[in-house]
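Spelled out, the chains give:
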Amino acid sequence: MSPRILIVDDEAEIRRIMQMHLRRKGFEVDIASGVSEASAMLQFDRVYDLVVCDFRMPDGNGVEVFKKIKPPTGFILISGFADMDETKLREIGIKEIVTKPADMAYLLEKIKANLPI
Amino acid sequence: MPHKSKVLQRQLLKLGLNANQAPPDPETWHQFLARVSACYNEADQDRYLLERSLEISSDEMRDRFSKINLLVDQLQLNQSVLQDMLRDVGFEVTMSDLATNIEKRVTGFRCAIFRKIKDGNELEIVAAPGFAQSARVAMTVVATLPEACPCGQAAYYKTPIVYNGDSSHPQHEQLVSMGFESCYAYPVLNASNEVVAVFSLFAEKSLILSQQQSELMKGLGEIVQMAFSHADIKRTLQKEQEGVAARSKMTTLGEMAGGVAHEINNPLFILQGYVDLISTSIEDKNLNAEELLETCQSMSTAIHRIAKIVRTLRNFSRDASEDPLEPTFIEILLADALELCSKRYEGVEIELVQPEGGINEQVLCRPVEIVQVLINLLNNSYDAVKNKSERWIRIEILPSSGRVEIRVTDSGQGIEEKAKGRLFHPFVTTKPAGQGTGLGLSISKKIVEAHSGRLFYNPDHSHTQFVVDLPVYKESA
């Protein structure tokens, strides 16, 4: 079965591009536009292998989404804002932080590295 | 005895004469007359001395009176200058008022005040309120040379110069052609004996200045130097303020940088994504023309987005006070301001409530300046509520009878009483040390007022509300 990824970002174009790319690479991709939508989707029976989540969104930030996932689901935080406090985020447990802009090859590498085995 | 004078009686007694008896012998009679004559002479002399001394006192008093008058005149002139300085009417107006006041005390003359240009051989006119335009133009710049008109000569020789129509004066013809027959010029010297200004009086008739009037002119030096130095200090202060204003903008830019970076990085990420898409399509030999065209279109849009943010950033940081006025939609002004500010709110979860759409009102303005004002208000609200438990900012646009109000309200509890009065003063801030230079609101107020508008704090609202009130632009049909 192909790995299941949830993309959370408030920008429609970003969701669309990531979904297109990742589907071409053989992943199953769902999208959510914010914290509330993501929380709702994470409560379903479907368990995601990985969540790729934007840091700043109108209805909350990526840390709130992180708190809703359970192991073994992996988590990558993506942000366009370069000066978030990485130490604090790592203390919370977020292991992977990617800053925008990043090319797809790099992102794919990180995705593969954070999928549960 | 009919002759009552005591002096007479004394003289009679000295010679042993009796008035009731027949006249004495001629010799005694002559002695008597000599004594009486001496008395008359003494009396005459006394009277003369008394009159003289009265005259002298009277002269002294006239002299003193004259000196007092001079002092009063000087004080009045000084007072006029000081009052103008206090009321901050500006250097040109202060000097013009002074010239007019001088003219009141030297009837028949018109007064022109010149400033000596540093490091140069010229005087430039500062005030000549009583002169015709043509004369003023002719006196705009005067050389400080021996062949110049009396004003220039006074500056060159550092001494008062008088011209009374004599044809040997180097500028006699020019003065006559301008209609002047007399000219008195007084230089003003500073402590280092350099000329800083020249006062000159021109008359169309051949007039002579009285001693007192001349003293008055010579005594103007001090107050003029004070006015000059006041103007210099103000100019320096203004430059410093502009410097601080510029740095304050840099600080604000720094504060907004994070949100702005986000706004640029997102489209860059999208661009990168499309680039990767195209690469992958080529590698997989999966080239769909329609899809690729769409992709290119989206890339173009992303590039425009970035360009707009960069332009808005640039606009925020520059001085737009010389921009032309343009009719601009208020909604667009607000959108531009939010472009730079709104991302900051997401990071700390400040709820932003925007006005409903469909507001078609325009204002005649320098768009960049009004956007700067809105950014100032929005950033102030951000700072005010970012650490509060209730965090929101509401923006309303309310048109009414020829004007429009833009209201920025935040969840703060209002400005406290003692800070209200100084809200719009420069260099006053409620922010902690290191943040906020306290210039934002004072500059914003100046900008709005220059647009025939008002910027004010609304004390009747339960939360903190600032209002920008501007006239609506109506195109003439």
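Residues numbered from 1 in each chain as written. Chains lettered and ligands numbered in written order. Predicted model: local features only at pLDDT ≥ 70, side-chain atom pairs only at ≥ 80, totals over all residues.

## Topic: the overall build of chain B
Turning to step 1, where the next piece is worked out: In terms of helices and strands, chain B carries 13 helices and 13 strands.
Turning to step 2, where the next piece is worked out: Within the span of chain B, comprising 477 residues, buried residues form 29% of the whole.
Turning to step 3, where the next piece is worked out: In chain B, 63% of the contacts between residues at least 6 apart in sequence involve partners at least 24 apart. (Helix = DSSP H or I, 4+ residues; strand = E, 2+ residues; numbered from the N terminus. Buried ≥ 20, exposed ≤ 12 C-beta atoms within 10 Å, placed from the backbone. Contact = placed C-beta atoms within 7 Å.)

## Section: the pairing of strand β10 (residues 392-400) of chain B
Residue and element names in this part refer to chain B.
Turning to step 1, where the next piece is worked out: The pairing of strand β8 (residues 351-353) with β10 spans three bridges and is classified as parallel. Each bridged residue has a counterpart across the sheet, and for V353 the counterpart in β10 is R394.
Turning to step 2, where the next piece is worked out: Relative to strand β11 (residues 403-410), β10 is paired through eight bridges, and the arrangement is antiparallel. Within the sheet, the bridge partner assigned to I393 lies in β11 and is D410.
Turning to step 3, where the next piece is worked out: Between β10 and β11, which pair antiparallel and follow one another directly, the connecting turn spans two residues, one of which, S401, has a positive phi of 35°. (Pairing = 2+ DSSP bridges.)

## Points about the environment of K67 of chain B
Residues and elements named next belong to chain B.
Turning to step 1, where the next piece is worked out: Residue placement: K67 occurs in helix α2 (residues 26-86).
Turning to step 2, where the next piece is worked out: In this structure K67 comes out as exposed when scored by C-beta crowding, with 12 C-beta atoms within 10 Å.
Turning to step 3, where the next piece is worked out: The spatial distance from the C-alpha of K67 to the C-alpha of Q212 is 7.8 Å, given a sequence separation of 145 residues.

## Examining helix α5 (residues 150-157) of chain B
All names here are of chain B.
Turning to step 1, where the next piece is worked out: Along α5, six of the eight residues are buried, which leaves the element largely enclosed by surrounding structure.
Turning to step 2, where the next piece is worked out: Among the residues of α5, P150, C151, G152, Q153, A154 and A155 are the ones counted as buried.
Turning to step 3, where the next piece is worked out: Lining the buried residues of α5 we find β1 (109-116), β2 (122-127), β3 (141-143), β4 (161-163), β5 (182-189) and β6 (195-203).
Turning to step 4, where the next piece is worked out: One or two positions beyond α5, positive phi appears at K158, with a value near 60°.

## Some remarks on the packing of α2 of chain B against helix α8 (residues 221-283) of chain B
Residues and elements named next belong to chain B.
Turning to step 1, where the next piece is worked out: For the pair α2 and α8, the least separation of the axes is 10 Å and the interaxial angle reads 10°. Considering the angle they form, α2 stands roughly parallel to α8. Counted together, L77, N78, V81 and M85 of α2 and I223, A227 and H230 of α8 form the full contact between these two elements.
Turning to step 2, where the next piece is worked out: Each residue belonging to the contact of α2 with α8 can be placed in one class, and the counts come to five nonpolar, two polar and no charged. (Axes fitted to C-alpha atoms, helices over the stretch in contact; angles between N-to-C directions. Parallel < 35°, antiparallel > 145°, perpendicular 65-115°, else oblique. Nonpolar A, V, L, I, M, F, W, Y, C, P; charged D, E, K, R; others polar.)

## Quick look at the environment of E369 of chain B
Residue and element names in this part refer to chain B.
Turning to step 1, where the next piece is worked out: Among the secondary structure elements, E369 is positioned in helix α11 (residues 367-385).
Turning to step 2, where the next piece is worked out: Note on E369: 23 C-beta atoms within 10 Å, which makes it buried.
Turning to step 3, where the next piece is worked out: Every residue in contact with E369, bar those within four places of it in the chain, is listed here: A320, S321 and I447.

## Observations regarding the nonpolar core
All names here are of chain B.
Turning to step 1, where the next piece is worked out: The biggest cluster of nonpolar side chains holds 44 residues, and the ones touching the most others in it are A99, A112, I113, F114, C151, V198 and F199.
Turning to step 2, where the next piece is worked out: Of the residues forming this core, the biggest block, six residues, is contributed by β6.
Turning to step 3, where the next piece is worked out: Beyond its immediate sequence surroundings of up to four residues, F199 is in contact with C111, I113, Y186, V188, M217 and L220.
Turning to step 4, where the next piece is worked out: Among the nonpolar cores identified, the runner-up in size contains 37 residues, and C341, V363, Y382 and I406 belong to it. (Core = buried A, V, L, I, M, F, W, Y, C linked by C-beta atoms within 7 Å.)

## Focus on the interface of chain A and chain B
Turning to step 1, where the next piece is worked out: Taken residue by residue, the interface counts 21 residues in chain A and 18 residues in chain B.
Turning to step 2, where the next piece is worked out: When its residues are assigned to classes, the side of chain A that touches chain B shows 11 nonpolar, three polar and seven charged.

## Some remarks on the packing of α2 of chain B against helix α7 (residues 211-218) of chain B
Residues and elements named next belong to chain B.
Turning to step 1, where the next piece is worked out: One way to put it is that α2 packs onto α7 with a least axis distance of 10 Å and a crossing angle of 35°. In this structure, the crossing between α2 and α7 has a hand that is right-handed. Within the contact between the two elements, α2 uses S66, N69, L70, D73 and Q74 and α7 uses Q212, E215 and L216.
Turning to step 2, where the next piece is worked out: Partitioning the contact of α2 with α7 into residue classes produces two nonpolar, four polar and two charged. (Left-handed = near helix turned anticlockwise from the far one by under 90°.)

## So, unusual backbone geometry
Turning to step 1, where the next piece is worked out: Geometrically, the link from P71 of chain A to P72 of chain A is a cis peptide bond, its omega value of 10° lying close to zero.
Turning to step 2, where the next piece is worked out: Within the secondary structure, P72 of chain A is located in the loop between α3 (62-66) and β6 (74-79).
Turning to step 3, where the next piece is worked out: A cis amide bond, omega -10°, links K100 of chain A with the succeeding residue P101 of chain A.
Turning to step 4, where the next piece is worked out: Its place among the elements puts P101 of chain A in the loop between β7 (96-99) and α5 (104-114).
Turning to step 5, where the next piece is worked out: A positive phi angle, close to 60°, is found at S452 of chain B, a residue other than glycine.
Turning to step 6, where the next piece is worked out: Along the chain, the position of S452 of chain B falls in the loop between α13 (440-450) and β12 (454-457).

## Observations regarding the sheet that holds β4 of chain B
All names here are of chain B.
Turning to step 1, where the next piece is worked out: In spatial order, the strands read β3-β2-β1-β6-β5-β4; together these six strands make up an open sheet with antiparallel pairing. Edge positions in the sheet fall to β3 and β4, since each of these pairs with one other strand and no more. On average, each strand axis in the sheet is tilted by 25° relative to the strand beside it, whichever way the strands run.
Turning to step 2, where the next piece is worked out: Across four bridges, the pairing between β1 and β2 is antiparallel. The residue of β2 that forms the bridge with I113 is A127.
Turning to step 3, where the next piece is worked out: Contacts from α5 reach β1, β2, β3, β4, β5 and β6, with the element oriented near 35° to β5.

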